[in-house]
There are 2 protein chains.
Amino acid sequence: MITLDLMNTARAVGLFYPPDPASCDESSLGGNVAENAGGLHCKKYGVTKDYVIGLRAVTIEGEVLCTGVYSEGDLFDLTGILLGSEGLLAAVTEIAVRLIDLPRSGPTILAAFDRPENAAQAVSDITCSGVIPSVMEYMDGDAAACSNRYEKTLEIEQAAAILLIETSGETSEKQADQIYDICRKHHASLLKREANPENAERLWKLRRNLSKAVKASAEEKISEDICVPPSRLPELVSFVAELNAEYSFRVNSYGHAGDGNLHVNFLVERPDEVDIGLVEAGVRRLFARTLELDGTLTGEHGIGLTKKEYLHLEFDPATLAHMKKIKTVFDADNLLNPGKMFT
Amino acid sequence: MITLDLMNTARAVGLFYPPDPASCDESSLGGNVAENAGGLHCKKYGVTKDYVIGLRAVTIEGEVLCTGVYSEGDLFDLTGILLGSEGLLAAVTEIAVRLIDLPRSGPTILAAFDRPENAAQAVSDITCSGVIPSVMEYMDGDAAACSNRYEKTLEIEQAAAILLIETSGETSEKQADQIYDICRKHHASLLKREANPENAERLWKLRRNLSKAVKASAEEKISEDICVPPSRLPELVSFVAELNAEYSFRVNSYGHAGDGNLHVNFLVERPDEVDIGLVEAGVRRLFARTLELDGTLTGEHGIGLTKKEYLHLEFDPATLAHMKKIKTVFDADNLLNPGKMFT
């Protein structure tokens, strides 16, 4: 089941499945469960685990586990253990989800800024104000330029940073007014408000193309997925700009700013002219800064192969040891997805 | 930390900690975490686990576990495993909770009915309508009479069943209108609407006294905590009425109808005149009927000692075996809370 197919099937009967990774047109629900996927709407509506109410899964021993609504509940949260377990514990064969009422769609706002820090500060202030947009996305000038080059018809104005904010619910017009005021306070150089969903769609295309557009902008793309408290976002985007200025390769960022979750990309246009060791050093500096800002090295993309060497930076030995022991409960011989998550 | 103290501290700065067991004036947050407690507001706002974002806990080996925000996240959902683990895995020493904005309070509705099934059908229809009350409580006539006797100044009209429904948020007046219409459709014999929170408080006192009032109404009270899908609630309340008519002891019920969660009480006024075997047979029949209705034998009160003999009715052997193995990860020698949950 492709995520978008579930979303569309629900929408056809007035219901809503909110977790929507940017790749929802090609991601599968099984993959979303394996990674506990987030997405654009997760700021307001939560991530995959907030919508999965039961799982059927087959263990390496051939036993069928029935969790949540497939059983009569859970002891020690078996559903939660399997969510985001990256295929290390069992093969999920059935997923029960809950759907919510489709909220009334509200205006979409595009706000452009001359400094990334101003955009990030607006995100932090919107969060503090109590307004909860259904989507609040950030992209820096380089990322937006990639998207503009990728699909020239979009013609979004160039700026140092852009916020795309969607509102929903009965009070969406009032929310949009408050968001406008906060963006103005932080010197937005451009503000657009689209109440018509079809016009808003043009703005969202800018966002949806981003991953492919950024990838197409360089020979090599090393993409990180970090997350900090929204109040620390100004410091994070400022650090990304520093990295970009310092190195010969590009460093740009975009992501679910409302959650403090940024995808930071190290973009090498001519790999033969750049020392890969320098790129790796840049990544390590980014991770160190993220942890200083009380952040985490993986927002929504899991651990897999690429983050496992950093696990000891995030988790203390006793806690990590207990996580590893959970693995042995399900797969004592380490046959499922070996080499992933743990070294 | 007493739950109510956290709720009041949050409220003083415009914030809201929603999980509110009826005993919130004496329950502790630690106990709420151990049981993953629900409460009156959980229909709209979720249970304890929806608000706990990190735990510090000490294992029987003396290791300190740091989960969620106390670490940099969770693998295999350590926070979720400890929530509702009834003291079997580790001693929780610190709890990080998230708070939400205090919603605008809306009208409280009291609806009385001549038949319990009509009240239950109204609950089911309200659920289907998409209106989500912040609280939707049911009590049958016997339970309401207990509360009226317990505090005579309340003077709530006698009826076969009463619903107490609270609305919240920007659209609360509109919600209250819809709830009124649905209750009328199901032949409510009395409808009251209190927009003034102080007047509404008198109605809520009827509910808050219930546990003590029902206990005071009989020498012996055996209290069960079952849960069915809201659409099956009419069949459940009808079965409770059947049990009450059939036996010489009283059987009444009240609870979080919006979640399908009822507390069913077997009330023996003169224990020396009643065969306890008959009471136990009644409980077994209630459990069998609950499972037939796709329900669960424990809504929010956990497993503990009294439900452990029924675990095999709810969970298949393979799933239960994995739950037991999780216990051994944390406490291989079964030293923590021995004898609870598992035989």
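Residues numbered from 1 in each chain as written. Chains lettered and ligands numbered in written order. Predicted model: local features only at pLDDT ≥ 70, side-chain atom pairs only at ≥ 80, totals over all residues. Heavy atoms only, no water.

1. Quick notes on the relation of the copies chain A and chain B
For the match of chain A to chain B, the screw axis carries a shift of 0.0 Å, the RMSD comes to 0.0 Å, and the turn is 180°. Taken together, these values place the two copies in the relation of a two-fold axis. (Least-squares fit on C-alpha atoms with pLDDT ≥ 70 in both.)

2. Regarding unusual backbone geometry
Of note in this structure, A:His187 is not a glycine but carries a positive phi near 65°. On the basis of relative accessibility, which here comes to 55%, the residue A:His187 falls in the exposed class. For B:Asp294, which is not glycine, the phi dihedral falls at a positive 60°. Overall, the relative accessible area of 55% leaves B:Asp294 in the exposed class. (Buried < 20%, exposed > 50% of the residue type's maximum accessible area, 1.4 Å probe, protein only.)

3. Some remarks on the environment of A:Cys227
Residue and element names in this part refer to chain A. Note on placement: Cys227 falls in strand β10 (residues 220-227). Remark: the alpha-carbon pair of Cys227 and Asp142, spanning 85 residues in sequence, is separated by 20 Å. Discounting residues that sit within four places of it in the chain, Cys227 has contacts with Asp259, Gly260, Asn261, Thr290, Gly295, Thr296 and Gly299. (Helix = DSSP H or I, 4+ residues; strand = E, 2+ residues; numbered from the N terminus. Contact = heavy atoms within 4.5 Å.)

4. Some words on the interface of chain A and chain B
Counting residues at the interface gives 45 residues for chain A, matched by 45 residues for chain B. Carbon and sulfur atoms make up 67% of the surface buried where chain A meets chain B, a total of about 3,600 Å² over both sides. Counting the contacts that link chain A with chain B gives 4 residue pairs in polar contact (both at pLDDT 80 or more). If you list the elements that add at least two residues to the side of chain A that touches chain B, you get β3 (64-66), α4 (78-82), α12 (311-314) and α13 (317-330) of chain A. (Buried area = accessible area lost by both parts, 1.4 Å probe. Polar contact = N/O pair within 3.5 Å; in protein donor to acceptor, adjacent residues only side chain to side chain.)

5. Quick notes on the nonpolar core
Formed by 50 residues in total, the largest nonpolar core has its most connected members in A:Phe330 and B:Phe330. Looking at this core, the elements with two or more residues in it are β2 (52-58), α4 and α13 of chain A together with β2 (52-58), α4 (78-82) and α13 (317-330) of chain B. (Core = buried A, V, L, I, M, F, W, Y, C linked by side-chain atoms within 4.5 Å.)

6. Quick notes on the confidence of the model for chain A
A residue-level look at chain A finds 99% of positions with pLDDT of 70 or above and a mean pLDDT of 92. Under the prediction, the complex receives an ipTM of 0.84, its pTM being 0.87. (pLDDT = per-residue confidence, 0-100.)

7. Re the sheet that holds β3(A)
All names here are of chain A. Pairing is antiparallel across the open sheet formed by 3 strands, whose spatial order is β3-β2-β4. The strands lining the two open edges of the sheet, one partner per strand, are β3 and β4 (91-97). Looking at each pair of strands side by side, their axes are set apart by 15° on average, direction ignored. Pairing of β2 with β4 involves 6 bridges; the strand directions are antiparallel. Within the sheet, the bridge partner assigned to Val58 lies in β4 and is Ala91. (Pairing = 2+ DSSP bridges. Axes fitted to C-alpha atoms, helices over the stretch in contact; angles between N-to-C directions.)

8. Some details on the side chain of A:Thr167
Residue and element names in this part refer to chain A. Mapped onto the secondary structure, Thr167 falls in strand β8 (residues 161-168). A distance of 2.8 Å separates a polar atom in the side chain of Thr167 from the backbone oxygen of Pro107. Not counting residues up to four positions away in its chain, the partners in contact with Thr167 are Ser105, Gly106, Pro107, Ser134, Ser172, Gln175, Ala176 and Ile179.

9. Concerning the domain arrangement of chain A
All names here are of chain A. As far as domains go, chain A holds domain 1 (3-101) and domain 2 (105-292). Taking only C-alpha atoms into account, the centre of domain 1 sits 27 Å from that of domain 2. In this complex, domain 1 contributes 9 residues to the contact, which on the side of domain 2 involves 16 residues. Counting the surface lost from both domain 1 and domain 2, the interface buries some 1,100 Å², and carbon and sulfur atoms represent 54% of this. On the domain 1 side of the interface with domain 2, the three residues burying the most area are Leu40, Lys43 and Lys44, jointly 65% of the side's total. Between the two partners, domain 1 and domain 2, sit 0 salt bridges. Counting across the domain 1 and domain 2 interface gives 4 residue pairs in polar contact (both at pLDDT 80 or more). (Domains from an automatic or database assignment. Salt bridge = Lys/Arg side-chain N within 4 Å of Asp/Glu carboxyl O.)

10. Some details on the packing of helix α10 (residues 233-246) of chain B against helix α11 (residues 276-292) of chain B
Residue and element names in this part refer to chain B. Two elements in contact, α10 and α11, have axes separated by 11 Å at closest approach and are oriented at 165°. What the angle tells us is that α10 and α11 run roughly antiparallel. Remark: the crossing between α10 and α11 carries right-handed chirality. Between α10, through Glu235, Leu236, Phe239, Val240, Leu243 and Glu246, and α11, the contact on the second element is made entirely by Gly282, Arg285, Leu286, Arg289 and Thr290. Looking at the contact of α10 with α11, its residues break down into 5 nonpolar, 2 polar and 4 charged. (Parallel < 35°, antiparallel > 145°, perpendicular 65-115°, else oblique. Left-handed = near helix turned anticlockwise from the far one by under 90°. Nonpolar A, V, L, I, M, F, W, Y, C, P; charged D, E, K, R; others polar.)

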